[in-house]
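# Overview (structure and organization)
Here's the letter readout for the chains.
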Amino acid sequence: MVDEATKRQLASIPLLKTKAGPRDGELWVQRLKEEYQSLIRYVQKNKESDCDWFILESNKEGTRWFGKCWYIHELLKYEFDVEFDVPVLYPTTAPEIAIPELDGKTAKMYRGGKICMTEHFKPLWARNVPKFGIGHAMALGASILRT
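Only a predicted model underlies this, so the values are computations on that prediction, with no experimental measurement involved.

## Comments concerning the layout of surface pockets
- Looking at the second largest pocket, its volume works out to about 190 Å³.
- Lining the second largest pocket are Y36, L39, I40, V43, K47, D52, F54, I55, L56, W65 and W70.
- For the lining of the second largest pocket, the secondary-structure elements that each account for two or more residues are α2 (26-48), β1 (54-58) and β2 (64-73).
- Broken down by element, the residue count for the lining of the second largest pocket peaks at 5 residues, all from α2.
- Counted by class, the lining of the second largest pocket contains 9 nonpolar, no polar and 2 charged residues.

Have a look at this one:
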């Protein structure tokens, strides 16, 4: 299940309304606007609470996302590339976030550095379609670096 800290973090990320994926034309454009607004607010809240830990950008179509995430341990900053493609069935299907540099280094990773999100993440995502977006995926998946 989701712990209290994760629940608070998820509650701080604005929910989305439009149920649209990359093949849905103008509805996808609307969904992308919501995604960016939600991500911007999430990043702002992270910065306000001194918990800034990632930066993302997408290709023009919003189907490929990439950026950096980082973890600070004992005053050393460890920075990693993060990447994922938006699935064709998004938002019904969650994106598979990958941190390629961590491939094979932890039990929470699949081949190619994809983060294991099956047990807890996917059922939670399924219950929250279309309200959850990329910011929620980052909070639930890639935030393993912060724990």
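## Topic: the packing of aromatic side chains
- Across all of its chains, the model carries 8 aromatic pairs by this definition.
- Centre to centre, the rings of Y36 and W65 are 5.3 Å apart; their planes meet at 40°, and the pair counts as tilted. With a gap of 29 residues between them, Y36 in helix α2 and W65 in strand β2 connect regions that are remote in the sequence.
- On the basis of an interplanar angle of 65° and a centroid distance of 4.7 Å, the ring pair of W53 and F54 is categorised as edge-to-face.
- Looking at W53, the relative accessible area reads 2%, which means it is buried.
- What links up through ring pairs into an aromatic cluster is the set W28, Y90, F121, W125 and F132.
- The ring of W70 is capped by K77, whose NZ or CZ atom sits 4.7 Å from the centre of that ring.

## What about helix α1 (residues 4-11)?
- Where α1 is concerned, the buried positions are T6, Q9 and L10. The buried residues of α1 occupy an angular sector of 95° when projected down its axis, which confines them to one face. Away from the buried face of α1 by more than 90 degrees, exposed residues E4, R8 and A11 are located.
- Those residues of α1 hidden inside the fold are in contact with α2, α3 (121-127) and α4 (134-140).

## Details of the environment of R64
- With respect to the secondary-structure elements, R64 resides in strand β2.
- Note on R64: relative accessible area 30%, which makes it partly exposed.
- For the pair R64 and F84, spaced 20 residues apart in sequence, the C-alpha to C-alpha distance is 6.1 Å.
- Among all residues touching R64, those that are not within four sequence positions of it are E57, S58, N59, E83, F84 and D85.

The rules we used
Residues numbered from 1 in each chain as written. Predicted model: local features only at pLDDT ≥ 70, side-chain atom pairs only at ≥ 80, totals over all residues. Heavy atoms only, no water. 1 Å grid on protein atoms, 1.4 Å probe; cavity = no way out; pocket = protein on both sides within 12 Å on 5 of 7 lines; lining within 4 Å. Points joined across faces, edges and corners; volume = space filled by probe spheres on them. Helix = DSSP H or I, 4+ residues; strand = E, 2+ residues; numbered from the N terminus. Nonpolar A, V, L, I, M, F, W, Y, C, P; charged D, E, K, R; others polar. Phe/Tyr/Trp six-rings, centres within 6.5 Å; stacked < 30°, edge-to-face > 60°. Buried < 20%, exposed > 50% of the residue type's maximum accessible area, 1.4 Å probe, protein only. Lys NZ or Arg CZ within 6 Å of the ring centre and 35° of its normal. Arc of directions from axis to C-beta. Contact = heavy atoms within 4.5 Å.

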